[in-house]
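Observations on the three-dimensional arrangement
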Amino acid sequence: QVQLVESGGGLVQAGGSLRVSCAVSGRIFSINAMSWYRQAPGKQRELVATITSGGSINYGDSVKGRFTISRDNAKNTVYLQMNSLKPEDTAVYYCAARRPPSYTYWGQGTQVTVSS
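How each quantity is defined
- Residues numbered from 1 in each chain as written.
- Predicted model: local features only at pLDDT ≥ 70, side-chain atom pairs only at ≥ 80, totals over all residues.
- Heavy atoms only, no water.
- Helix = DSSP H or I, 4+ residues; strand = E, 2+ residues; numbered from the N terminus.
- Contact = heavy atoms within 4.5 Å.
- Polar contact = N/O pair within 3.5 Å; in protein donor to acceptor, adjacent residues only side chain to side chain.
- Buried < 20%, exposed > 50% of the residue type's maximum accessible area, 1.4 Å probe, protein only.
- Phe/Tyr/Trp six-rings, centres within 6.5 Å; stacked < 30°, edge-to-face > 60°.
- Lys NZ or Arg CZ within 6 Å of the ring centre and 35° of its normal.
- Pairing = 2+ DSSP bridges.
- Salt bridge = Lys/Arg side-chain N within 4 Å of Asp/Glu carboxyl O.

In this section: the environment of D72. Take D72: it is sitting in strand β7 (residues 67-72). Once the C-alpha coordinates of D72 and A23 are considered, the two residues, 49 residues apart in sequence, prove to be 9.8 Å apart. For D72, the contacting residues outside a window of four places in its chain are T77 and Y79. Reaching out from D72, the side chain makes a polar contact with the backbone nitrogen of A74 at a distance of 3.1 Å.

Listed below in structure tokens is the structure:
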């Protein structure tokens, strides 16, 4: 099993920055990628960013150039640095861990609200 605990969400004004964190515990060796997803009210869950165990990174089109995913292996923590935030970034942000071939663990989510 893998446990994921997000933190760092909150309320920020448009144009501001916020960093959310995801603490990972359990059978970490079984994971080959970590991702951040988000879900706004009435919308489908959207992939925000992914970082693989090999260090490859990709971003959703809506956050490219504004968000940065990173990890601290010593702390077993994945981060999402969000800059130039927009009201449309308001959502619950979820941390996800992928275990090959196709299983995904999810965190409980953290609310990010961007005011205009």
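What follows deals with the side chain of S30. Within the secondary structure, S30 sits in the loop between β3 (18-26) and β4 (33-39). Residue classification places S30 among the buried residues on the basis of a relative accessible area of 17%. In terms of polar contacts, S30 uses its side chain to reach the backbone carbonyl oxygen of R27, at 2.7 Å. With residues up to four places along the chain from it excluded, the contact list for S30 reads V2, R98, R99 and P100.

Let us now look at the packing of aromatic side chains. Remark: the centre distance and the inter-plane angle together describe each pair of aromatic rings, the angle taken between the planes. Applying the stated criterion across every chain, the model contains two aromatic pairs. When the ring centre of Y94 is taken as reference, the NZ or CZ atom of R45 above it lies at 3.9 Å. Note that R45 overlies the ring of W106, its terminal NZ or CZ placed 4.6 Å from the centroid.

The next point concerns the pairing of strand β9 (residues 91-99). As paired strands, β4 and β9 are joined by seven bridges and run antiparallel to one another. Bridging from a neighbouring strand, Y37 pairs with Y94 of β9. Of the strand pairs in this sheet, β9 and strand β11 (residues 110-115) are connected by three bridges, and their pairing is antiparallel. Counted as the bridge partner of V92 is Q111 from β11. Pairing of β9 with strand β10 (residues 103-106) involves four bridges; the strand directions are antiparallel. Bridging across to β10, R98 finds its partner in T104. Between β9 and β10, which pair antiparallel in sequence order, lie three residues.

Following the criterion strictly, the structure yields four salt bridges and no others. As a salt-bridge pair, E46 and R38 come within 2.8 Å of each other at their nearest N and O atoms. According to the relative accessible area criterion, E46 is partly exposed, its value standing at 30%. Residue classification places R38 among the buried positions, given a relative accessible area of 6%. A salt bridge links R66 to D89; the shortest N-O distance between them is 2.7 Å. One end of the pair, R66, is in the loop between β6 (57-59) and β7; the other, D89, is in the loop between β8 (77-82) and β9, and 23 residues separate them in sequence. D89 carries the same exposure label as R66, and that label is buried.

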